[in-house]
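A structural walkthrough
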Amino acid sequence: MAIRKIITYPQDEETLRKVSKPVTEFDDRLAVLLADLKDTMHHAQGAGLSAIQVGVLKRVCVVDVGKRHLEFINPKIIKQSGVNRIKEEGCLSVPNVWEIVKRPNKITVEFYDRNGVFHTENYSGYEAKAICHECDHMDGILFIDRVEKK
Ligand SMILES: [Zn+2]
């Protein structure tokens with residue numbers, strides 16, 4: 001277990017804009033990455049963290065909005081509904097910026113767990129928002145790209 005360095009915008013924008021690659025091996029290295037992401041997220045007091053944010057170009061993220069710890073490997077949002085723009089959004093890779101971002105209130109996500117088992121699950125509210133935010137990271141999208149113009 002280790003706390004890794006979180007890369008930040010704008011200095012590390014080149015990396016943050018990269019599209020992460022799907023995980024194909026559900027091995028010990030993946031377990032170490034998941035453990036490190038969890039430790040790093042908690043240490044930085046974040047609600048979610050994607051592998052790209054520690055410089056690893058893999059479609060892996062962890063989310064914990066204070067309810068439970070969630071892990072997603074190769075996540076894909078297959079359904080979304082409703083609108084959630086209640087909470088201001090921030091990002092450990094975009095320090096000191098908080099903005100209202102329009103997100104779905106309910107999502108259905110397909111993903112794999114650390115053992116390579118496929119799941120389809122529903123999430124809502126703050127968890128849905130955080131998962132959308134982390135999935136964006138895997139495609140090189142930052143939340144500041146999605147801020148509604150006033
Ligand atoms: Zn982020």
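Use the structure listed above.
Since this is a predicted model, take the numbers as computed values, not measurements.

**A short note on the overall build of the protein**
- Counting its secondary structure elements, the protein contains three helices and seven strands.
- Relative to the globule expectation of 15 Å for 150 residues, the C-alpha radius of gyration of the protein, 14 Å, shows essentially globular dimensions.
- Overall, the protein is about 45 × 35 × 25 Å in size when its C-alpha atoms are taken along their principal axes.
- Within the protein, the proportion of its 150 residues that are buried is 32%.
- Put simply, 66% of the contacts in the protein that link residues at least 6 apart link residues at least 24 apart.

**Some details on helix α2 (residues 28-43)**
- Along its 16 residues, α2 runs 22 Å from first to last C-alpha, staying within 8% of the 22 Å computed at 1.5 Å per residue.
- Once α2 finishes, glutamine 45 follows within two positions and takes phi at roughly 55°, a positive value.

**Things to note about the pairing of strand β5 (residues 94-100)**
- Bridging between strand β4 (residues 88-91) and β5 involves three bridges; their strand directions are antiparallel. Bridged to glutamate 89 within β5 is glutamate 99.
- Taking the residues between adjacent antiparallel strands as the criterion, β4 and β5 are bridged by two residues.

**A word on helix α3 (residues 125-138)**
- The end-to-end C-alpha distance of α3, which contains 14 residues, comes to 21 Å, matching closely the 20 Å that a straight helix rising 1.5 Å per residue would cover.
- Where α3 is concerned, the buried positions are Glu127, Ala128, Lys129, Ala130, Ile131, Cys132, His133, Glu134, Cys135, His137 and Met138.
- Buried residues along α3 sit in contact with β1 (48-50), β2 (60-63), β3 (70-81), β4, β6 (106-112) and β7 (118-124).
- Downstream of α3 by a residue or two, glycine 140 has a phi angle that is positive, lying close to 80°.

**Overview of the sheet that holds β7**
- Strand order in the open sheet formed by five strands is β1-β2-β3-β6-β7, and the pairing between neighbours is antiparallel. Looking at which strands have only one partner, the edges of the open sheet turn out to be β1 and β7. Averaged over neighbouring strand pairs, the angle between their axes works out to 35° when direction is ignored.
- Against the sheet, α2 contacts β1, β2 and β3, and its axis sits at roughly 40° relative to β2.

**Side note on the nonpolar core**
- Membership of the largest hydrophobic core comes to 33 residues, with the highest contact counts inside it found for Leu37, Val62 and Ile131.
- Elements represented by at least two residues in this core include exactly α2, β2, β3, β6 and α3.
- Considering every element that reaches this core, the biggest residue donor is α3, with six residues.
- Among residues more than four places away in sequence, those in contact with leucine 37 are Leu49, Ala51, Val54, Val60 and Val62.

Each value, and the rule that gives it
- Residues numbered from 1 in each chain as written.
- Predicted model: local features only at pLDDT ≥ 70, side-chain atom pairs only at ≥ 80, totals over all residues.
- Helix = DSSP H or I, 4+ residues; strand = E, 2+ residues; numbered from the N terminus.
- Rg over C-alpha atoms; globule rule 2.2 N^0.38 Å.
- Buried ≥ 20, exposed ≤ 12 C-beta atoms within 10 Å, placed from the backbone.
- Contact = placed C-beta atoms within 7 Å.
- Expected span 1.5 Å × (residues − 1).
- Pairing = 2+ DSSP bridges.
- Axes fitted to C-alpha atoms, helices over the stretch in contact; angles between N-to-C directions.
- Core = buried A, V, L, I, M, F, W, Y, C linked by C-beta atoms within 7 Å.

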